[in-house]
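# Summary of the model geometry
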Amino acid sequence: MTDQCVFCEILRGDSPATFVHQDDTVVAFMDIQPISKGHILVVPREHAVLMSDVNETTAMRAFRVARELAAVVREKLGAGGVNLFVADGEIAFQDVPHFHVHVIPRYPNDGFSLTFPPDYNKPTSRAELEAIASAILS
Ligand SMILES: [Zn+2]
């Protein structure tokens, strides 16, 4: 745990949070700046910045709980869909340096959207896909 981490403060009980799940590995609480009604954060008890910094068991518990809560917000809040989102690293919009999974319930006209780069509609050549895959596999 670190002194500077707001999630660790919550886990220590030094900052308030509204919990919707707690077990020995992860907790889940309401986001104080929700993108939509019922926006939840699933947070491992262990402090680790990136998804790859937690062990597989902890990461899978976080995703399992996120999956369960996604079903709950559909049933209890009437969400029509759910986005699970991980901001893994600052360039990926990580704002709190403690790995977490966002559970973002979706409703008609909720104002949340994704912005794609200008070249998104331009198909990538098979050769380029093969080159990228080779880099991943090397
Ligand atoms: Zn932390």
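Residues numbered from 1 in each chain as written. Predicted model: local features only at pLDDT ≥ 70, side-chain atom pairs only at ≥ 80, totals over all residues. Heavy atoms only, no water.

Right, let's get into the sheet that holds strand β3 (residues 40–44). Spatially, β1-β2-β3-β5-β4 is the arrangement adopted by the five strands of the open sheet, whose pairing is antiparallel. Edge strands, defined here as strands with exactly one partner in the open sheet, are β1 (19–22) and β4 (81–85). Ignoring strand direction, the axes of neighbouring strands in this sheet form an average angle of 15°. As defined by bridge partners, β4 adjoins strand β5 (residues 101–106) across five bridges and the pair is classed as antiparallel. (Pairing = 2+ DSSP bridges. Helix = DSSP H or I, 4+ residues; strand = E, 2+ residues; numbered from the N terminus. Axes fitted to C-alpha atoms, helices over the stretch in contact; angles between N-to-C directions.)

Turning next to the side chain of H98. In this structure, H98 sits in the loop between β4 and β5. One polar contact links H98 to H47, side chain to side chain, over a distance of 3.2 Å. In contact with H98, not counting residues within four places along its chain, are C5, F7, C8, L11, V43, P44, R45, E46, H47, A48 and V49. (Polar contact = N/O pair within 3.5 Å; in protein donor to acceptor, adjacent residues only side chain to side chain. Contact = heavy atoms within 4.5 Å.)

The subject of this paragraph is unusual backbone geometry. Peptide bonds are, in most cases, trans, and in most cases residues other than glycine have a negative phi. At F93, a position not held by glycine, the phi torsion is positive, near 75°. Tracing the sequence through the fold places F93 in the loop between β4 and β5.

What follows concerns the layout of surface pockets. Its volume calculated, the largest pocket comes out at about 610 Å³. Along the wall of the largest pocket there are 28 residues; nearest its centre are D31, H39, L41, D95 and H102. Of all elements in the fold, only α1 (6–12), β2 (26–30), β4 and β5 reach the threshold of two or more residues within the lining of the largest pocket. Taken together, the residues of the lining of the largest pocket sort by class into 18 nonpolar, eight polar and two charged. (1 Å grid on protein atoms, 1.4 Å probe; cavity = no way out; pocket = protein on both sides within 12 Å on 5 of 7 lines; lining within 4 Å. Points joined across faces, edges and corners; volume = space filled by probe spheres on them. Nonpolar A, V, L, I, M, F, W, Y, C, P; charged D, E, K, R; others polar.)

Taking 1.5 Å per residue, 22 residues should reach 32 Å; helix α2 (residues 56–77) reaches 30 Å between its end C-alpha atoms and fits that length. Taken together, the buried positions of α2 are T58, A59, A62, V65, A66, L69, A70 and V73. One side of α2 holds all its buried residues, which, seen down the axis, span an arc of 155°. The exposed residues of α2 that point more than 90 degrees off its buried face are E56, T57, R67 and E75. The backbone nitrogen of T57 lies 3.1 Å from a side-chain oxygen of the residue at the head of α2, namely N55. A positive backbone phi angle near 75° is found at G78, which sits one or two residues after α2. (Expected span 1.5 Å × (residues − 1). Buried < 20%, exposed > 50% of the residue type's maximum accessible area, 1.4 Å probe, protein only. Arc of directions from axis to C-beta.)

We now examine the coordination of the zinc ion. Here the zinc ion is held by C5 (SG), C8 (SG), H47 (ND1) and H98 (ND1), and the distances to it run 2.0 to 2.3 Å. Around the zinc ion, the four donor atoms are arranged such that angles at the metal cover 104 to 119°; this shape is classified as tetrahedral. The sequence pattern formed by the donor residues of the zinc ion is C-x2-C-x38-H-x50-H. Taken together, the residues span a long stretch of sequence, with C5 in the segment before α1 and H98 in the loop between β4 and β5 at a distance of 93 residues. Across the pair, H98 and C5 agree in class, each one buried. (Donors = N, O, S within 2.8 Å, 3.2 Å for Na, K, Ca; no water. Tetrahedral: all angles 85-135°; square planar, octahedral: opposite > 155°, others 65-115°.)

By themselves, these figures tell us nothing about what the structure is for.
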